[in-house]
Amino acid sequence: MAKVTRDDVARLAGTSTAVVSYVINNGPRPVAPATRERVLAAIKELGYRPDRVAQAMASRRTDLIGLIIPDARQPFFGEMAHAVEQAASERGKMVLVGNTDYVGEREVHYLRAFLGMRVSGLILVSHALNDLAAAEIEAWDARIVLLHERPESIDDVAVVTDDLGGAQLAVRHLLEHGYEYVACMGGTAETPAVGDPVSDHVEGWRRAMDEAGIPTEGRLFEAPYNRYDAYRVGLEVLSGPDRPPAIFCSTDDQAIGLLRAARELRIDVPGELGVAGFDDIKEAALADPPLTTVASDRSAMARAAVDLVLDDGVRVTGSRRERLKVFPSRLVIRRSCGCE
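Definitions and cut-offs
Residue positions are given per chain, counted from 1 along the sequence in the order it is written. For this predicted model, a pLDDT threshold of at least 70 governs which residues receive local features, and a threshold of 80 or more governs which side-chain atom pairs are given and counted, while totals over whole chains, interfaces and linings are taken from all residues. To get the side-chain values, all heavy atoms of the structure are used, and hydrogens and water are removed first. Secondary structure is summarised from DSSP: a helix means a run of H or I of at least four residues, a strand means a run of E of at least two, and numbering begins at the N terminus for each. Type-normalised accessible area, obtained with a 1.4 Å probe on protein chains alone, sets the label of each residue: buried when under 20%, exposed when over 50%, and partly exposed for intermediate values. Here, a strand pair is defined by DSSP locating no fewer than two bridges between the strands. Consider the strands pointing away from the viewer: the crossover is right-handed when the path from the first strand over the helix to the second runs clockwise. In what follows, salt bridge is the name for a side-chain nitrogen of Lys or Arg lying within 4 Å of a carboxyl oxygen of Asp or Glu.

- As named in an unreviewed UniProt entry, the protein chain is LacI family transcriptional regulator, taken from Streptomyces pharetrae CZA14.

## Observations regarding the environment of Gly271
Okay, step 1: You can see Gly271 is positioned in the loop between α11 (252–264) and β9 (274–276).
Okay, step 2: Among the residues examined, Gly271 registers a relative accessible area of 57% and is labelled exposed.

## Observations regarding the pairing of strand β2 (residues 94–99)
Okay, step 1: Examined bridge by bridge, strand β1 (residues 64–69) and β2 share six bridges and lie parallel to one another. Paired with Ile69 across the two strands is Asn99, which belongs to β2.
Okay, step 2: Regarding the hand of the β-α-β motif, the stretch spanning β1, helix α5 (residues 75–90) and β2 is right-handed.

## Considerations on the pattern of salt bridges
Side chains that differ in charge, positive against negative, can pair when their charged atoms come close.
Okay, step 1: A full pass over the atoms with the stated rule returns 16 salt bridges.
Okay, step 2: Asp253 serves as the salt-bridge partner of Arg227, at 2.6 Å between the closest nitrogen and oxygen. Pair noted here: Arg227 is in helix α10 (residues 227–239) and Asp253 is in helix α11, with a separation of 26 residues, a long-range link.
Okay, step 3: Notably, a salt bridge pairs Asp229 with Arg232, separated by 2.2 Å at the nearest N-O pair. Here Arg232 and Asp229 lie together in helix α10, a separation of three residues that amounts to about one turn.
Okay, step 4: Overall, Asp229 belongs to the partly exposed group, its relative accessible area being 23%.
Okay, step 5: Here the salt bridges share partners, and the residues they tie into one network are Asp71, Arg73, Asp101 and Arg106.

## Some details on the environment of Val108
Okay, step 1: Looking at the secondary structure, you find Val108 in helix α6 (residues 104–116).
Okay, step 2: Residue Val108 is classed as buried on the basis of its relative accessible area of 4%.
Okay, step 3: Between the alpha carbons of Val108 and Ala135 there is a distance of 9.7 Å; along the sequence they are 27 residues apart.

Next comes the structure, spelled out in structure tokens:
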């Protein structure tokens, strides 16, 4: 059976191949509704399938969006990747996902691979963009949007959460319960001091404690972002002689690991220990006890990132603040803080 071509579609629809292209690609020129319907009907009747490879070669762009994230095994990034995929699908795009595992060389690898494939745009969740990765981005004429994090080494458009303000909400709420002080489970020594959400969470904790006139010295504990390592850190912290009355965790994954450690040590939460996290991953509601946390609208953030990366004007001018789209944080109150 002969392959159906664009010429066949144009012939059946009684129009030109250029008009067929406009319908398939949604532009660049408008097509009258009646003509569009004839073309779509011809495509359906003939079973025509566009040659996406040929289209990509002609336009030097594919129907793909590249998404680079640290680790899809962590629920937050898995949920964010799913939200980006849904938003991209609404725009007729597919998503390629690369996991860096927080390794700079892997980030550079995916940058080169995705940009070399001529993706329509690139959404980058970068833990700490190194100089080589930043130089790679500058070398390509690419549409790039930063999501969730904003490294200082690159000045592209970014979509982020109000991480600092959200952390303050959580810590203030714990203090309102009457806990003597709130300790903080932050990141690691490798966590960037600027542009990283966890750094902002720690700064928000400090500010809330300062507002209350409570010292923070010796009350910040380093921990990786995942629940497994946070569980081990939690065992050490909760087994020590100076066990904190309450702990704010920079991620929900850390908080879930901490709750497991408390359960093993037979420490009642929230009776003997108040806990709050950040991210509002789906598991937070099913934690034991359900986890008080800070949420942002990940679906809206993903949609904003996809829309920005597909718009011709994504490389906007203006100050760093003007190039930043910040989504508000909100406190999600559950039982781990002491609320019933």
